[in-house]
Amino acid sequence: MLFNEKKPVGGTFLDLERAKKWDDRSTKLESNHLEKVKDIASKLKLTPESIVADLGCGSGFFTIELAGYCKKVFAIDISPIMLELLNGKLLINGISNIACYNKGILEYLSEHESNDLDALILQVSFHHLPDFWKNVAIYHMARILKPDGRVFLSDVIFSFPVSDYKECFKEMIDFIRLKGDDGLTKDTENHLLEEYSTFDWIIEGMFQKNGFKMISKDKKSSTYSDYIFQK
Ligand SMILES: C[S@@+](CC[C@H](N)C(=O)[O-])C[C@H]1O[C@@H](n2cnc3c(N)ncnc32)[C@H](O)[C@@H]1O
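These figures come from a predicted structure and were not determined experimentally. (Residues numbered from 1 in each chain as written. Predicted model: local features only at pLDDT ≥ 70, side-chain atom pairs only at ≥ 80, totals over all residues.)

## Concerning the overall build of the chain
- When helices and strands are counted, the chain shows 9 helices and 7 strands.
- At 17 Å, the chain has a C-alpha radius of gyration in line with the 17 Å of a compact globule built from 231 residues.
- Over its C-alpha atoms, taken along the principal directions, the chain stretches across nearly 45 × 40 × 35 Å.
- Considering only contacts within the chain whose residues lie at least 6 apart along the sequence, 72% involve residues at least 24 apart. (Helix = DSSP H or I, 4+ residues; strand = E, 2+ residues; numbered from the N terminus. Rg over C-alpha atoms; globule rule 2.2 N^0.38 Å. Contact = placed C-beta atoms within 7 Å.)

## Quick notes on the site of the ligand
- Contacts to the ligand come from 22 residues, most closely from E5, G56, G58, S79 and H128.
- Sorting the residues of the shell around the ligand by element identifies α1 (16-29) and β2 (72-77) as the ones contributing at least two each. (Near = placed C-beta within 6 Å.)

## As for unusual backbone geometry
- A positive phi is found at K45, a non-glycine position, where the angle reads about 60°.
- For K45, a count of 15 C-beta atoms within 10 Å corresponds to the partly exposed category. (Buried ≥ 20, exposed ≤ 12 C-beta atoms within 10 Å, placed from the backbone.)

## A short note on the pairing of strand β4 (residues 117-123)
- Most of β4 is tucked away, with 7 of its 7 residues classed as buried.
- Pairing geometry for strand β1 (residues 51-55) and β4, over 3 bridges, is parallel. Paired with D54 across the strands is I121, a residue of β4.
- Since β4 and strand β5 (residues 145-156) lie parallel, the crossover through helix α6 (residues 131-144) that links them has a hand, and here it is right-handed. (Pairing = 2+ DSSP bridges. Right-handed = clockwise from strand over helix to strand, strands pointing away.)

## Describing the packing of helix α7 (residues 165-177) against helix α8 (residues 182-194)
- Here α7 crosses α8 at 160°, and the two axes come no closer than 9 Å. Of the possible angle classes, the one that applies to α7 and α8 is roughly antiparallel. Handedness of the α7/α8 crossing: right-handed. Side by side, α7 and α8 meet where F169, M172, I173, I176 and R177 of the first sit next to L184, T185, T188, E189 and L192 of the second. (Axes fitted to C-alpha atoms, helices over the stretch in contact; angles between N-to-C directions. Parallel < 35°, antiparallel > 145°, perpendicular 65-115°, else oblique. Left-handed = near helix turned anticlockwise from the far one by under 90°.)

## Notes on the environment of I78
- Checked against the element boundaries, I78 lands in the loop between β2 and α4 (80-93).
- Sequence separation between I78 and Y101 is 23 residues, and the spatial gap between their C-alpha atoms is 8.3 Å.
- With near-sequence residues (within four places) excluded, I78 lies in contact with E5, K6, P8 and G104.

## Here's the deal with helix α2 (residues 33-43)
- Those residues of α2 that fall on the buried side of the exposure criterion are V37, I40 and A41. Seen from one end, α2 has its buried residues packed into an arc of 100°, which puts them on one side. Within α2, the exposed residues directed more than 90 degrees away from the buried face are E35 and S42.
- Its buried side turned inward, α2 meets α3 (63-67) and β5. (Arc of directions from axis to C-beta.)

## With respect to the environment of M141
- Structurally, M141 is set in helix α6.
- When the C-alpha atoms of M141 and K231 are compared, they prove to be 8.7 Å apart, with 90 residues separating the residues in sequence.
- Here M141 is in contact with L109, L120 and V151, once residues within four sequence places are set aside.

## Some points on the nonpolar core
- Among the nonpolar cores identified, the biggest contains 57 residues, and V52, L66, L120, I121 and F152 are the most heavily contacted of them.
- Take this core: its biggest share by element is 6 residues, from α4.
- Every residue in contact with I121, bar those within four places of it in the chain, is listed here: V52, D54, L55, F62, L66 and F152. (Core = buried A, V, L, I, M, F, W, Y, C linked by C-beta atoms within 7 Å.)

## Examining the sheet that holds strand β6 (residues 213-221)
- With mixed pairing, 7 strands are arranged side by side in an open sheet as β3-β2-β1-β4-β5-β7-β6. Of all the strands in the sheet, just β3 (98-102) and β6 have a single pairing partner and so form its edges. Recorded for the sheet is a direction-independent mean angle of 15° between the axes of neighbouring strands.
- Lying on the sheet, α4 is in contact with β2 and β3; it crosses β3 at an angle near 165°.
- Docked against the sheet, α6 engages β4 and β5, running at close to 145° with respect to β5.

## A closer look at the packing of α6 against helix α9 (residues 200-209)
- As a packed pair, α6 and α9 sit with axes 9 Å apart at the nearest point and diverge in direction by 30°. In this structure, the crossing between α6 and α9 has a hand that is right-handed. Together, D131, K134, N135 and I138 of α6 and I202, M206 and F207 of α9 make up the contact between the two elements.
- Considering only residue class, the contact of α6 with α9 consists of 4 nonpolar, 1 polar and 2 charged. (Nonpolar A, V, L, I, M, F, W, Y, C, P; charged D, E, K, R; others polar.)

Fair warning: the whole summary comes from geometry, so function is off the table for now.
Structure (structure tokens):
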């Protein structure tokens with residue numbers, strides 16, 4: 001029995017228009033993503049022998065760069081359209097070490113039998129799972145990573161006292177509005193109302209309870225953080 005990942009709440013990426021918008025936005029809004037991927041690769045201690053899974057990889061904005069640092073990347077996403085966009089890029093660029101799977105995060109993690117993965121990436125995707133299922137996912141992450149394997153988690157994660165939620169949400173939406181993309185502002189509002197972002201102490205607690213050590217936390221704002229956890 002598993003949470004139905006194929007019926008996501010909030011903004012989904014199951015139609016071509018929305019998938020393309022995400023892809024365009026990533027290119028426009030992320031000015032330093034090459035540096036970012038280099039930094040992630042170093043924090044994950046990737047080597048040319050590493051095997052990695054990018055969970056909720058989307059159209060592969062990070063996956064493609066990441067593949068340059070490892071032997072193999074399993075690119076996992078519930079959206080066939082996102083994977084089609086990614087596959088197109090793989091063909092154009094002649095990249096052969098990324099294998100795409102149209103699967104949910106939980107589905108992939110729970111089906112994977114051996115502990116042969118060096119690292120897992122969750123870039124703005126983990127908030128699609130409710131907390132109970134995040135915990136189940138983390139349990140499986142611990143099971144399928146090699147000893148000392150690492151997880152990179154980057155997402156909307158709340159690190160403010162609950163009493164401040166109105167101000168913090170307003171600050172977040174005002175910050176996004178400054179980027180001048182009305183669709184993104186609307187998506188952010190929907191995210192806060194419908195999707196499953198949660199508090200930092202819940203995320204950190206779930207990783208700790210499943211035997212992970214927090215290697216680093218990069219708090220970008222009171223509503224966004226990057227983490228590295230190690231098994
Ligand atoms: C906001 S996009 C981020 C994509 C990519 N990681 C990036 O940084 O560009 C979130 C992605 O997660 C996927 N997704 C949502 N829920 C998922 C689930 N349960 N399992 C796998 N993928 C999921 C969506 O289809 C979408 O492609």
